[in-house]
Amino acid sequence: MTDPADLGVVEASAALAAKELSATELLQAVLTRVGATEPHLHSYLSIDREGAMETARSADEAYSEGTAGPLTGIPIALKDNMVTRGLETTCSSRILAGYVPPYDGTAVRRLRQAGAVIVGKTNLDEFAMGSSTENSAFGATRNPWDPDRVPGGSSGGTTATVAAGGALGGFGSDTGGSIRQPASLCGVVGVKPTYGLVSRFGLIAFASSLDQIGPVARSVEDSVVLLAGVAGWDPLDATSYRGDLPDLGGSLSEGVAGLRIGIAAELSGDGIDPAVAAAFRTMVDRLADAGAEISEVSLPACTEALSAYYLIAPAECSANLARFDGVRYGLRIDGETTEEMMGKTRADGFGPEVTRRILLGTYALSAGYYDAFYGQAQKVRTLISQEFRSAYQSVDALVSPTSPTTAFPLGDRTDDPLAMYLSDLCTIPSNLSGDPAMSVPIGVDDLGLPIGFQVMAPALGEEMMFRVGAEVERLAGFKATAPLATSEVSLP
Amino acid sequence: MPVDIDIAKVARLSRLELTPEELDGYGAQLEVILEHAGRVQSLATEGVEPTSHPLPSTNAFRADEVTPSLDHDEVMSQAPESVDGYFAVPSILEEES
């Protein structure tokens, strides 16, 4: 029999409804897996055994009473920048170590109401700034396909644990690729929904005009169910989308025959590793064989997307992170004056990457440099958005590799910020435009490391994105599981 | 475009009390990053409006209803220092002599 920890969300939900499995048994299987893999992975920062077991017992009651929904009793992992009442929330930062939030974020509240079982809080690059989950004040997370390599980031804790069976699904946040890139490196599905589709209330802000919560899962179908559990207007987030929700999974089995699919040229050529490029091309050919009309689409302003992003995101971060000043929560280092206390607290509490981005953003926003840097970046953002809108006049979806490379060794890029930033080459444009995008695993390279395929669609075009993503998943037939995804781990 | 950074000033504006060695290190890294980021200036943007937000949006209002606020004690339990239910900080005003 399949180890319940390896079940998909939809499969497990069916097994729970059919009473073939209880929520407590399912949670026990997941906790056993976590116990076996965590010493090698370090994907969780905290595990809430008691709370999870209590929720699992309530879930079993809900199934008995017939009140269960699609997420009732499903063990999930939450990135540790999603605030959870009564559960420590650190953003992987010393400045928030020990912080126990007095409220739940909206996505968390909806998941609790749906009866989902929160297994624990997962590791991330500090304040979600990074592409490897190495910038954590509490130690790096490792890739379940090869523990000497990074899981990607910043949501690497969630993607690593979902790949290894430490949860059936989970959530991360994506500001420049922080769900999709680690999903690609860990061989799982990762989705960045349309900006505004999921409330950001209770997501500790990094760059507010780019941040978006999204699901991580082991199948496209599971990612739809998870997203449906958190999407929708929220009066507590003024930027959340107020109109009718798009259909998410209505066309999953429609296939791609007759669809117009564009290869995003600037995201699929220069800088892409040959093995990734080859796997990408093979999948594009298969989509063509499946009846899609393939064309190449040029998005020239996207060549400067990375530059624009590394001005806009730090600018917003420097403003958002001003709230961490040693007054209301978190760390305080004493000083003679309030200003000295704040300066010492922040210098001590933030790690190097966060410090670098605060400085960068403060500079980009400061008098005399604003127009040349931040102002110009905002105009480039307009150009990029216009290019996407214009592209979607002639294609239904755009595709590219998700990450230029597969998982890289720990420490490989930590001394070279710019090399690390290039990890997000293919994913950043969708954050700037606000459009939805997802990564679907399509195979492995010569080293056995997963390769991801990115599907992009116009704003609120989730139905089209998932439709293409589901066909990519079917065509790839990617069934491999991470070597660490077993309850009997034996590593040297 | 050559990048000229008064890193000590930027750190002061950022409320980050860094050591001289740290300032030197970050200053050098910022120069490299800004040189790359400065490439945004290579695109022609005459007449292009800046985008501050990805989707068109207007003021979002909600109904003006009284709802429970956060539990005061639970909030204050997270404060590094508090006095009588207030957040406490070192003296902000110079004491009168």
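These numbers come from a predicted model, not from an experiment.

The rules behind these values
- Residues numbered from 1 in each chain as written.
- Chains lettered and ligands numbered in written order.
- Predicted model: local features only at pLDDT ≥ 70, side-chain atom pairs only at ≥ 80, totals over all residues.
- Helix = DSSP H or I, 4+ residues; strand = E, 2+ residues; numbered from the N terminus.
- Rg over C-alpha atoms; globule rule 2.2 N^0.38 Å.
- Buried ≥ 20, exposed ≤ 12 C-beta atoms within 10 Å, placed from the backbone.
- Axes fitted to C-alpha atoms, helices over the stretch in contact; angles between N-to-C directions.
- Parallel < 35°, antiparallel > 145°, perpendicular 65-115°, else oblique.
- Contact = placed C-beta atoms within 7 Å.
- Nonpolar A, V, L, I, M, F, W, Y, C, P; charged D, E, K, R; others polar.
- Core = buried A, V, L, I, M, F, W, Y, C linked by C-beta atoms within 7 Å.
- pLDDT = per-residue confidence, 0-100.

Overview of the overall build of chain B
Here comes step 1: Secondary structure summary: chain B contains 3 helices and 2 strands in total.
Here comes step 2: Its helices and strands in sequence order give chain B the pattern α-α-α-β-β, from N to C terminus.
Here comes step 3: In terms of overall dimensions, chain B is more spread out than a globule: its C-alpha atoms have a radius of gyration of 23 Å, far above the 13 Å expected for 97 residues.
Here comes step 4: Looking at chain B residue by residue over its 97 residues, the buried ones come to 16%.

Focus on the overall build of chain A
Here comes step 1: Broken down by element type, chain A carries 15 helices and 11 strands.
Here comes step 2: Relative to the compact-globule value of 23 Å for 492 residues, chain A shows a C-alpha radius of gyration of 21 Å, a close match.
Here comes step 3: Principal-axis analysis of the C-alpha atoms gives chain A an extent of 65 × 55 × 50 Å.
Here comes step 4: Counting across all 492 residues of chain A, residues that qualify as buried make up 65%.

Let's talk about the packing of helix α2 (residues 23–41) of chain A against helix α3 (residues 49–65) of chain A
All names here are of chain A.
Here comes step 1: Their axes nearest at 8 Å, the elements α2 and α3 cross at an angle of 150°. Comparing their axes, α3 and α2 come out roughly antiparallel. Between α2 and α3, the contacting residues are Ala23, Thr24, Leu27 and Leu31 on the first element and Arg49, Ala52, Met53, Ala56, Arg57, Ala59 and Asp60 on the second.
Here comes step 2: Its residues placed into classes, the contact of α2 with α3 shows 7 nonpolar, 1 polar and 3 charged.

A closer look at helix α7 (residues 220–228) of chain A
Here comes step 1: Burial of α7 of chain A is extensive: 8 of the 9 residues sit out of reach of the surface.
Here comes step 2: Contacts made by the buried residues of α7 of chain A are with α1 (9–17), β4 (169–173), β5 (189–192), β6 (213–217), β10 (437–444) and α15 (462–476) of chain A.

Here's the deal with the interface of chain A and chain B
The extent of an interface is frequently quoted as the accessible surface area lost upon association of the parts.
Here comes step 1: Opposite the 59 residues of chain A that make contact, chain B presents 46 residues.
Here comes step 2: At the level of elements, α9 (305–320), α10 (338–349), α11 (352–365), α12 (371–391) and α13 (417–421) of chain A are the ones that each hand at least two residues to the side of chain A that touches chain B.
Here comes step 3: Among the elements that line the side of chain A that touches chain B, the one with the most residues is α12 of chain A, at 12 residues.
Here comes step 4: Broken down by class, the residue content of the side of chain A that touches chain B amounts to 28 nonpolar, 20 polar and 11 charged.

Some details on the nonpolar core
Residue and element names in this part refer to chain A.
Here comes step 1: Among the nonpolar cores identified, the biggest contains 169 residues, and Ile76, Val117, Leu311, Ala397 and Val455 are the most heavily contacted of them.
Here comes step 2: Counting residues per element, this core draws most heavily on α9, at 10 residues.
Here comes step 3: When near neighbours in sequence (up to four residues on either side) are disregarded, valine 455 contacts Ala397, Val399, Ala437, Met438, Val440, Met465, Val468, Gly469 and Val472.

Brief notes about the environment of serine 400 of chain A
Residue and element names in this part refer to chain A.
Here comes step 1: With respect to the element layout, serine 400 can be found in strand β9 (residues 397–401).
Here comes step 2: C-alpha separation for the pair serine 400 and serine 268, spaced 132 residues apart in sequence, amounts to 5.3 Å.
Here comes step 3: Once residues lying within four places of it in the same chain are set aside, the contact partners of serine 400 are Ala264, Leu267, Ser268, Cys426 and Gln454.

Remarks on the confidence of the model for chain B
All names here are of chain B.
Here comes step 1: With 93% of its residues at a pLDDT of 70 or more, chain B has an overall mean of 89.
Here comes step 2: Per-element averaging of pLDDT across chain B places helix α2 (residues 20–37) at the bottom with 94 and helix α1 (residues 7–13) at the top with 97.
Here comes step 3: Here the predicted complex carries an ipTM of 0.93, next to a pTM of 0.97.

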